[in-house]
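Residues per chain, in single letters:
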Amino acid sequence: MPAPLVVQKFGGSSVGDADRLRRVARRIARARDEGARLVVVVSAMGDTTDELLALAAAVTDDPDPRELDVLLATGEHQSATLVSMALHSLGVPAISLTGAQAGITTDGRYGKARIAGVDPARIHAELDAGKVVIVAGFQGVGAAGATGTTALPQVNLAETTTLGRGGSDTTAVALAAGLRADRCQIFTDVRGIYTADPRLVQSARQLTIIGYEEMLELAHQGAQVMQVRAVELGWVNGVVIEVLSSFEDVPGTLIKEDPLVEQRNKVRGLAHDRNVAKVTLVEVPDSPGVAATVFEPLAEAGINVDMIVQNIGHGGATDLSFTIPQVDLAKAKRVLDPLVRDLGLREMTTDSAVAKVSIVGAGIHNAPGYAARMFRTLASAGVNIEMISTSEIRITCIIAEDQVETAVRALHEAFELERPEPVVDEAPASEAAGVEPAR
């Protein structure tokens, strides 16, 4: 029987300094000694990405997207080479690869590229040579023509592109799918997925297992343990993802199809997101095509619009409010200012001091009363709701940013998320991964 192929990913906090790099190398060496063939994806060390962004901002207010991606990719290159060196010092054969060398191709968009494919030939060759393969996460290589670069005949215009914040998670899951790995392990600075951010809620409880759909909603609504695209790739490709602590040898959380979801708590967890801004267009003409006129330029500018609320029209006009990432607010204002004038709107107002808070659970849609309980809990805590959005497994409210902690703690208590879930017979996959059944 061939040795199991395991993809491991270590985040920035896990490789934050020389001591942590050596600790990661020892963990990798131990897994190799236990018989696993290893492909290891690493993020940039600590705050390296933020520091590189700050350097770029100090040089120019409007950095060229191509040059910015080339710059940011160096953070992961640094981590990969240092982990490989640390393994060499332990007598473990290893090699570091960039995203391009690892065969990761993207759609060519700078800053927010999506993985188009994985050619694992180089990785397989290095594994067959007995090496641990260390891959720089967060990046790939795309055709320059897809980014608007002027094409040059008979010239290889492959370009380094980055996958967006948290993109190393996506790299790991994509490699696990492309390599048909036996396991995909995401090592981070927490033990796994919790019912709420344990930094805000001391009674937050670690989940043993969570379904892809629930994890996707939690990640989309602000839970920072996993990147949204990584969960999507895992779901589409059937990759079971195990989230573990880099600093403790304790059971983690499995992200996988959960056939026993109906036997678990209706609300599985809470998420919050402070990277939110609200935009309101006042007295928008209440006529066909106006919404498209507003949102098409935002889409073309790469601005993701989340919640949208349109009031009932009066006198041929209506107010339109929506939320966007806070980091895109200045860009959105530049895009919308001409439209405000062209459409004859009364004004555009913005608010960057808001946040999202969400309850998530696959049982919400077929059990009455959860929205009412959420709204009553927030009211009792003195938290005003500015906007509401729902899906089949989520209820989200926009609130003032300075009330996030109050809201999250009140909701966690109201839905009794600190209480252990009923004992259920877990699927064999969690036993294979060494995770105990939920209690």
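Residues numbered from 1 in each chain as written. Predicted model: local features only at pLDDT ≥ 70, side-chain atom pairs only at ≥ 80, totals over all residues. Heavy atoms only, no water.

## Concerning the overall build of the chain
When you go through the chain residue by residue, the secondary structure sums to 12 helices and 18 strands. Computed over the C-alpha atoms, the radius of gyration of the chain is 23 Å, within 12% of the 22 Å expected from 2.2 N^0.38 for a compact globule of 439 residues. The principal-axis extents of the C-alpha atoms in the chain amount to approximately 75 × 65 × 35 Å. By residue count, 49% of the 439 residues in the chain fall in the buried class. Sequence separation of at least 24 residues holds for 75% of the intrachain contacts in the chain that already meet a minimum separation of 6. Taken as a whole, the chain presents about 20,000 Å² of accessible surface, with 50% of it coming from carbon and sulfur. With 40 positive and 57 negative side-chain charges, the chain shows a spacing of 4 Å between the two charge centroids. (Helix = DSSP H or I, 4+ residues; strand = E, 2+ residues; numbered from the N terminus. Rg over C-alpha atoms; globule rule 2.2 N^0.38 Å. Buried < 20%, exposed > 50% of the residue type's maximum accessible area, 1.4 Å probe, protein only. Contact = heavy atoms within 4.5 Å. Areas by Shrake-Rupley, 256 points an atom, 1.4 Å probe, with all protein chains shown as cover. Lys, Arg positive; Asp, Glu negative; His and termini not counted. Charge placed at Lys NZ, Arg CZ, Asp CG, Glu CD.)

## So, the sheet that holds strand S9 (residues 183–188)
Reading across from one edge, S3-S6-S2-S1-S9-S11-S12-S10 is the order of the 8 strands in this open sheet, with mixed pairing throughout. At either margin of the open sheet sits one strand with a lone partner, and together these are strand S3 (94–97) and strand S10 (209–210). Contacting strand S1 (5–10), strand S2 (37–42), strand S6 (132–136), S9 and strand S11 (241–245), helix H5 (residues 167–179) runs over the sheet at an angle of about 175° to S1. (Pairing = 2+ DSSP bridges. Axes fitted to C-alpha atoms, helices over the stretch in contact; angles between N-to-C directions.)

## Observations concerning the packing of aromatic side chains
All told, the structure shown has 4 aromatic pairs when counted by the stated rule. Between Tyr212 and Trp235 the ring centres are 6.3 Å apart and the planes differ by 15°, which places this aromatic pair in the stacked class. Taken together, the positions of Tyr212 in helix H6 (residues 212–220) and Trp235 in helix H7 (residues 228–237) put the pair 23 residues apart, joining distant regions of the chain. The buried category is assigned to Tyr212, whose relative accessible area is 3%. For Trp235, a relative accessible area of 33% corresponds to the partly exposed category. Directly above the ring of Tyr370 sits Arg373, whose terminal nitrogen or CZ lies 5.4 Å from the centroid. (Phe/Tyr/Trp six-rings, centres within 6.5 Å; stacked < 30°, edge-to-face > 60°. Lys NZ or Arg CZ within 6 Å of the ring centre and 35° of its normal.)

## As for the sheet that holds strand S14 (residues 308–310)
One open sheet holds the 6 strands; their spatial order is S14-S15-S13-S16-S18-S17, and the pairing between them is antiparallel. The open sheet has two edge strands with one neighbour each: S14 and strand S17 (387–391). In this sheet, neighbouring strand axes are inclined to one another by 25° on average, regardless of whether the strands run parallel or antiparallel. Pairing of S14 with strand S15 (residues 317–325) involves 3 bridges; the strand directions are antiparallel. By the bridge assignment for S15, Gln310 is matched with Leu320. Contacts between H6 and the sheet are confined to strand S13 (269–285), strand S16 (347–360), S17 and strand S18 (394–400), with S16 contributing the most and set at about 145° to the helix. Helix-sheet contacts for helix H10 (residues 370–380) involve S16, S17 and S18, and the interaxial angle to S18 is about 20°.

## Quick word on the environment of Asp249
For Asp249, the position within the fold is in the loop between S11 and strand S12 (253–255). With relative accessibility at 63%, the residue Asp249 sits in the exposed group. Considering only alpha carbons, one finds Asp249 and Gln227, 22 residues apart in sequence, at a separation of 23 Å. Aside from chain neighbours lying at most four places away, what touches Asp249 is Arg27 and Arg30. A distance of 3.2 Å separates a polar atom in the side chain of Asp249 from a polar atom in the side chain of Arg27. (Polar contact = N/O pair within 3.5 Å; in protein donor to acceptor, adjacent residues only side chain to side chain.)

## Things to note about helix H1 (residues 18–33)
Since the α-helix turns once every 3.6 residues, residues separated by three or four places project in the same direction. Given a rise of 1.5 Å per residue, 16 residues ought to cover 22 Å, and the 22 Å separating the end C-alpha atoms of H1 matches this to within 8%. Looking at H1, one finds that the buried residues are Leu21, Val24, Ala25, Arg27, Ile28, Ala29 and Ala31. Gly35 occupies a position one or two residues after H1 and carries a positive phi of about 110°. (Expected span 1.5 Å × (residues − 1).)

By themselves, these observations are geometric and do not establish any function.
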